[in-house]
Amino acid sequence: EAWLVAGRAAQGIGAAFMMPATLSIITNAFPAHERGKAIGTWAGVSALALAIGPVVGGFLVESVSWQSIFFLNVPVAILAVVVTLAATRESRDESSTHHVDFPGVTAVTVGLSALVLALVEGNSWGWGSARILGLLAISALGLIAFAIVERRVVEPMVDFRFFRSRSFVGANLVAFIVSFAMLAMFFFLALYMQNIKGYSPLQAGVRFLPSTVVIIL
């Protein structure tokens, strides 16, 4: 179990590095007039993977083993690296002083980690317990510290000046709402369909297809 948790943590770290990097690569690789189509294609392919993932994962769990789902990412990652090396050019921001925002990274990590732990363990520990209230207080302090730090460092992890743009705020708000609802739906419906309705992993994966088609659109 410890190895499984560690493996998932490693995957999460990799995904956190990958997601902003892909958009940066797209922005640099495509001219301005083609960038909208490129980002739209990126989003569509991502949603398509979301639709295929539960079905393929269910098939592998039933036909091979649950461990096999972790090996599925390996050929996909290799193909992505090969395509990226072949289709993109090296780029860097020469105006950057390359200062890593360690205070900001520390503050947001503490704030979000405490918040997630409180939300996960709230029912078990009791929402009014000292541990949960302490975690929520630490989370609030960490996130407030993050907002203060980002206004003072040379190269902030998040430049709050972008939030003056209504398009930027609107796009991020929509993305947050979609991701919040979508990830919660997948997590709880998977448990419901398998533990309550008695569906197999493959049957549950197939039943996710209608919702993922809407997400693609």
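Residues numbered from 1 in each chain as written. Predicted model: local features only at pLDDT ≥ 70, side-chain atom pairs only at ≥ 80, totals over all residues. Heavy atoms only, no water.

Asker: I tried to follow the nonpolar core on my own but got confused; where do I start?
Answerer: Soluble globular proteins tend to pack their nonpolar side chains together in the buried interior. Ranked by size, the top nonpolar core spans five residues in total: Met182, Phe186, Met193, Ala204 and Phe208. No other element matches the three residues that helix α6 (residues 166–196) contributes to this core. In this structure, alanine 204 is in contact with Met193, Gln194 and Tyr199, ignoring residues within four places of it in sequence. (Core = buried A, V, L, I, M, F, W, Y, C linked by side-chain atoms within 4.5 Å. Buried < 20%, exposed > 50% of the residue type's maximum accessible area, 1.4 Å probe, protein only. Helix = DSSP H or I, 4+ residues; strand = E, 2+ residues; numbered from the N terminus. Contact = heavy atoms within 4.5 Å.)

Asker: How should the packing of aromatic side chains be read in this particular structure?
Answerer: The geometry of two aromatic rings is summed up by the distance between their centres and the angle between their planes. If you walk through the whole model with that rule in mind, you get eight aromatic pairs. When the ring of tryptophan 66 is compared with that of phenylalanine 70, the centres are 6.3 Å apart and the planes differ by 80°; the resulting orientation is edge-to-face. Members of the aromatic cluster, connected to one another through ring pairs, are Phe146, Phe160, Phe162, Phe163 and Phe168. Above the face of the tyrosine 199 ring, arginine 207 is positioned so that its terminal group lies 3.9 Å from the ring centre. (Phe/Tyr/Trp six-rings, centres within 6.5 Å; stacked < 30°, edge-to-face > 60°. Lys NZ or Arg CZ within 6 Å of the ring centre and 35° of its normal.)

Asker: Whenever I open this one, the packing of helix α1 (residues 2–29) against helix α2 (residues 32–63) confuses me. Can you help?
Answerer: The geometry of a pair of packed helices is captured by two quantities: the angle between their axes and the separation between those axes. It is at 10 Å that the axes of α1 and α2 come closest, and there the two elements cross at 150°. On the basis of the axis angle, α1 is roughly antiparallel to α2. You can see that α1 and α2 cross each other, and the crossing is right-handed. Only Arg35, Ala38, Ile39 and Trp42 of α2 make contact with α1, whose side of the interface consists of Met19, Thr22, Leu23, Ile26 and Thr27. Classifying every residue of the contact of α1 with α2 gives six nonpolar, two polar and one charged. (Axes fitted to C-alpha atoms, helices over the stretch in contact; angles between N-to-C directions. Parallel < 35°, antiparallel > 145°, perpendicular 65-115°, else oblique. Left-handed = near helix turned anticlockwise from the far one by under 90°. Nonpolar A, V, L, I, M, F, W, Y, C, P; charged D, E, K, R; others polar.)

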